[in-house]
Amino acid sequence: MNEVSIQFGEPLQEGIFLERTNRFIVRCRLSNFYSAGEVVEAHLPDPGRLKELLIPGCRIWLRSANNPNRKTRWSAVLVEDPNGKDFVSLDTTLPNRLIQKALESGYMEEFYRWKFQRTEYTLGDSRWDFLLQNAEGRDMLLEVKSVTLKKDGIGLFPDAVTARGVKHVRELTKFAIQGEVETALLFVAQREDIDIIKAATDIDEVFALELHKASRAGVHILGRKCHVSLQGISLGDPVKVVSKKLKA
């Protein structure tokens, strides 16, 4: 089966990251021959901490917004990992778009018994990324989390304290215990240079504890990594997710 991918559709503009002025704006110096040295502001789609990636002087790639109504002409798309060998996507919308394409095409063996029904499905106190259904009419709630942080070849989530993430995991656990629907949490690493995904205990111990509880309760905890290039991003191989037991 052909890979599931999203192409950027136009050449990206290379630049040098200078600083992050707020959660959604970065300043960069363009490297293009015609505009080398020009300092521009770019929208940053990922509001995460990203301190291990957005290091002054690192290479970053931008895409022209081509929208006269926007405050910034550019959007940040990729950043080069400090190892100088790998790209990391900065667009938190890409994992959901990739997974939707994969679910609709039956690409993912993790969900071979499940059919895509819809996105943004509301149940309980949350709106879930995907609703799936099997041949017997049983529903599954699927929530996707984007992973960018890496340490020693391990993908880590979250990269900042996430009350929203804790809320989602607790609700999935509750539904799993009640047994009326199946529940799944899928971590998608927007990079290829990882072998495993874990909860970042030192960043958010509460999330790590709730993830372990969810796994014990029957929530399907899954992971995937991605291949990221200057041309686009494609869904890569499954990755094991390990939840560590902690004191309550």
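Note: the structure precedes this text.
Summary of the structure given here. (Residues numbered from 1 in each chain as written. Predicted model: local features only at pLDDT ≥ 70, side-chain atom pairs only at ≥ 80, totals over all residues. Heavy atoms only, no water.)

1. Some words on the sheet that holds strand 12 (residues 154-157)
Ordered by their spatial adjacency, four strands build an open sheet running 11-12-14-17, and the pairing between neighbours is mixed. Sheet topology places strand 11 (149-151) and strand 17 (240-242) at the edges, where each strand pairs with a single neighbour. Adjacent strand axes in the sheet meet at a mean angle of 35° when their direction is disregarded. The pairing of strand 14 (residues 196-199) with strand 17 spans three bridges and is classified as parallel. In the sheet register, Lys 198 faces strand 17, and the bridge partner there is Val 242. (Pairing = 2+ DSSP bridges. Helix = DSSP H or I, 4+ residues; strand = E, 2+ residues; numbered from the N terminus. Axes fitted to C-alpha atoms, helices over the stretch in contact; angles between N-to-C directions.)

2. Looking at the pairing of strand 4 (residues 39-43)
Going residue by residue along strand 4, you find Val 40 and Ala 42 tucked away on one face and Val 39, Glu 41 and His 43 left uncovered on the opposite face. Relative to strand 4, strand 3 (residues 25-30) is paired through five bridges, and the arrangement is antiparallel. From the neighbouring strand, Arg 27 faces strand 4, where its bridge partner is Glu 41. Pairing of strand 4 with strand 6 (residues 74-80), which is carried by two bridges, proceeds in the parallel orientation. Within the sheet, the bridge partner assigned to Ala 42 lies in strand 6 and is Trp 74. (Buried < 20%, exposed > 50% of the residue type's maximum accessible area, 1.4 Å probe, protein only.)

3. Considerations on the packing of aromatic side chains
Taken as a whole and judged by the stated rule, the model has six aromatic pairs. Put simply, the rings of Phe 157, Phe 187 and Phe 207 touch in pairs and so form one group of aromatic residues. (Phe/Tyr/Trp six-rings, centres within 6.5 Å; stacked < 30°, edge-to-face > 60°.)

4. Section: the pairing of strand 14
Burial along strand 14 is one-sided: the face carrying Ile 197 and Ala 199 is buried and the face carrying Ile 196 and Lys 198 is not. Relative to strand 14, strand 12 is paired through four bridges, and the arrangement is parallel. In the strand pairing of strand 14, Phe 157 is matched with Ala 199.

5. Some points on the pattern of salt bridges
Summed over all chains, the structure comprises 16 salt bridges. The salt bridge involving Glu 19 is made with Arg 27; its shortest N-O contact spans 2.9 Å. Salt bridges here are not isolated pairs; linked through shared partners, they connect Asp 81, Lys 150, Arg 191 and Asp 193. (Salt bridge = Lys/Arg side-chain N within 4 Å of Asp/Glu carboxyl O.)

6. As for the sheet that holds strand 15 (residues 220-228)
The strand order across the open sheet formed by seven strands is 1-16-15-13-10-9-8, and the pairing between neighbours is mixed. Every other strand in the sheet has two partners, leaving strand 1 (5-7) and strand 8 (115-123) as the edge strands with one partner each. Neighbour to neighbour, the strand axes of the sheet diverge by 30° on average, direction disregarded. Sheet topology note: the strand 9 (residues 126-133)/strand 10 (residues 139-147) ladder contains four bridges and is antiparallel. Of the residues in strand 10, the one forming a bridge with Leu 132 is Met 140.

7. Examining the nonpolar core
Judged by nonpolar contacts, the single largest core of 27 residues is most densely connected at Ile 99, Leu 103, Met 108, Phe 111, Leu 132 and Leu 142. Aside from chain neighbours lying at most four places away, what touches Phe 111 is Leu 103, Leu 132, Met 140, Leu 142, Ala 184 and Leu 222. Phe 157, Leu 172, Val 181 and Ala 189 belong to the second-largest nonpolar core, a separate cluster that totals 25 residues. (Core = buried A, V, L, I, M, F, W, Y, C linked by side-chain atoms within 4.5 Å. Contact = heavy atoms within 4.5 Å.)

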